[in-house]
Every structure is written in structure tokens, then in C-alpha cells.
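Tertiary structure, described
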Amino acid sequence: GFGIEAGAPLGLRLAGYRALESLRLEKGYRAWGSDITPNDNPYQAGLGWAVKLKSGLPFLGRPAAEQAANSRLAKRLMTFTVDDPAVMLAGRETILRDGKAVGYLTGGGWGYTVGKNIGLGYVRNANGVDDEFLRSGRYELEVATVRVPAALHMGPLYDPTNARVKG
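The sections below set out a description of the structure shown in this document. (Residues numbered from 1 in each chain as written. Predicted model: local features only at pLDDT ≥ 70, side-chain atom pairs only at ≥ 80, totals over all residues. Heavy atoms only, no water.)

1. Focus: unusual backbone geometry
With a phi angle near 50 degrees, D159 is a residue other than glycine that sits in the positive phi range. Looking at the secondary structure, you find D159 in the loop between β6 (146-153) and α5 (163-166). Note on D159: relative accessible area 9%, which makes it buried. Residue N162 is not a glycine yet carries a positive backbone phi of 65 degrees. If you trace the backbone, N162 turns up in the loop between β6 and α5. A relative accessible area of 27% places N162 in the partly exposed class. (Helix = DSSP H or I, 4+ residues; strand = E, 2+ residues; numbered from the N terminus. Buried < 20%, exposed > 50% of the residue type's maximum accessible area, 1.4 Å probe, protein only.)

Next comes the structure, spelled out in C-alpha cells:
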């Protein structure tokens, strides 16, 4: 047959939306409508690698992409984790850097593979959000009015080199 039983010897099993959401967060894959909206450019969202400006070919939005590529980023989408398994991240939690609100999570959930709470969210700073700014801060998330320590990650939590994806 072609049912779930046929794939069981190969490890096939039912996986719902929350499982897919968990895997997406662990990999840092962006979701349209929450992590990426018309208000965000690819460079802010960490997707500048997908914009092919060097080709010289025209495309819809090229002038805006060129301007974004050559401008200081006032916000960047980053990954955060919280070690306390009792803290549940769902999105919209405030991101604090050195005690000051700098953004909010666009999505969150439990990462089953990495065993941590994960949130994606934009860190904002009018003077620019470069790697040094991101790395030099101490982060917390405000979850249900309680500030909890959070770690900022510069890349995906799971398979950061894409070895499994390309495997």
C-alpha cells in the first residue's frame, strides 16, 4: 500500500504544522507574513545572498535592492534562544538589548532537535545594526511581563553549514 505504514520502515511518520515550525526555526528559515513582510528588505532579513546584483540584469525592484545593499541596516532578523524550558516563545515578545527595547520576535517555538526555545526577531538601531553591535549586547526577552535571559545567534542553530541539506 501507499499509506503511512508503507513508509514506516524508512522512518516516515506523521508531522504536523508545529513540527514543521520547529524545524523552520532551528534552521532559521524565514516565513512570509511573519518574519518577512513588504516592510522588510532582503538584507534586513538576512537574505541578501539571494539578490543577484552582480549580474547587471534588470529586475523589478532592482533600484531599491541596490539602495538597500549600499545602506546601513537599521534592523536585522536574528535568532534567539532561551535555556529555561518552562519559558514558551510564541512571537511578539519584546527583545531587550542591554535593558533597552530594540524590537520584538516575529515568531517562536520549541526546537525539538536542539532542545531549546527559539525565537526569530528584528533587532533595531537607528545608527545601524552591524555584527559588532549585535555581538556586543546582552539580550533578554520579555515573556508575559517577565524578562528572561536570551542568547543571540548569528546563524542557524541546526546544520549551519548546510551539510545535511546538501547531503
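Still more to cover.
2. Some remarks on helix α2 (residues 17-27)
Buried residues of α2: E21, S22, R24, L25, E26 and K27, and no others. As for α2, its buried residues are in contact with β3 (100-111), β4 (116-124) and α5. Where α2 terminates, the next one or two residues include G28, which has phi positive at roughly 75 degrees. (Contact = heavy atoms within 4.5 Å.)

3. Some points on the pairing of strand β1 (residues 75-82)
Most of β1 is tucked away, with eight of its eight residues classed as buried. Every second residue of β1 is oriented toward a common face, with K75, L77, T79 and T81 on one face and R76, M78, F80 and V82 on the other, all of them buried. Bridge count for β1 against β4 is eight bridges, and the pairing is antiparallel. The residue of β4 that forms the bridge with M78 is G121. When β1 meets β6, the two strands line up antiparallel, connected through three bridges. Pairing of T81 across the sheet is with A151, part of β6. (Pairing = 2+ DSSP bridges.)

4. Considerations on the sheet that holds β1
Taken in spatial order, the six strands close into a barrel running β1-β4-β3-β2-β5-β6, and their pairing is antiparallel. Strand-to-strand twist of the sheet, defined as the mean angle between neighbouring strand axes without regard to direction, takes the value 40 degrees. Against the sheet, α2 contacts β3 and β4, and its axis sits at roughly 130 degrees relative to β3. (Axes fitted to C-alpha atoms, helices over the stretch in contact; angles between N-to-C directions.)

5. Considering the nonpolar core
Across soluble globular proteins, you tend to see nonpolar side chains buried next to one another. With 18 residues, the main nonpolar core has F80, I95, V123, Y139 and L141 as its most contacted residues. With near-sequence residues (within four places) excluded, V123 lies in contact with A74, K75, R76, M78, F80, I95, V102, V129, F133, L134, Y139 and L152. (Core = buried A, V, L, I, M, F, W, Y, C linked by side-chain atoms within 4.5 Å.)

6. Here's the deal with the layout of surface pockets
By volume, the largest pocket is sized at about 490 Å³. Looking at which element gives the most residues to the lining of the largest pocket, the answer is β1, with four residues. Considering only residue class, the lining of the largest pocket consists of 11 nonpolar, seven polar and three charged. Forming the boundary of the second largest pocket are 13 residues, of which R18, M88, L89, G109 and W110 lie nearest the centre. Residue assignment for the lining of the second largest pocket shows that the elements contributing at least two residues are α2 and β3. It is α2 that provides the largest number of residues to the lining of the second largest pocket, a total of four residues. Each residue belonging to the lining of the second largest pocket can be placed in one class, and the counts come to eight nonpolar, three polar and two charged. (1 Å grid on protein atoms, 1.4 Å probe; cavity = no way out; pocket = protein on both sides within 12 Å on 5 of 7 lines; lining within 4 Å. Points joined across faces, edges and corners; volume = space filled by probe spheres on them. Nonpolar A, V, L, I, M, F, W, Y, C, P; charged D, E, K, R; others polar.)

7. A word on the pairing of β4
In terms of burial, β4 is largely enclosed, as seven of its nine residues are buried. Relative to β4, β3 is paired through eight bridges, and the arrangement is antiparallel. Looking across to β4, one finds that Y104 is bridged to Y122. A loop of four residues connects β3 with β4, the two strands running antiparallel in sequence, and G115 in this loop sits at a positive phi of about 65 degrees.

From the geometry alone we can't say anything about function, so treat these as descriptive.
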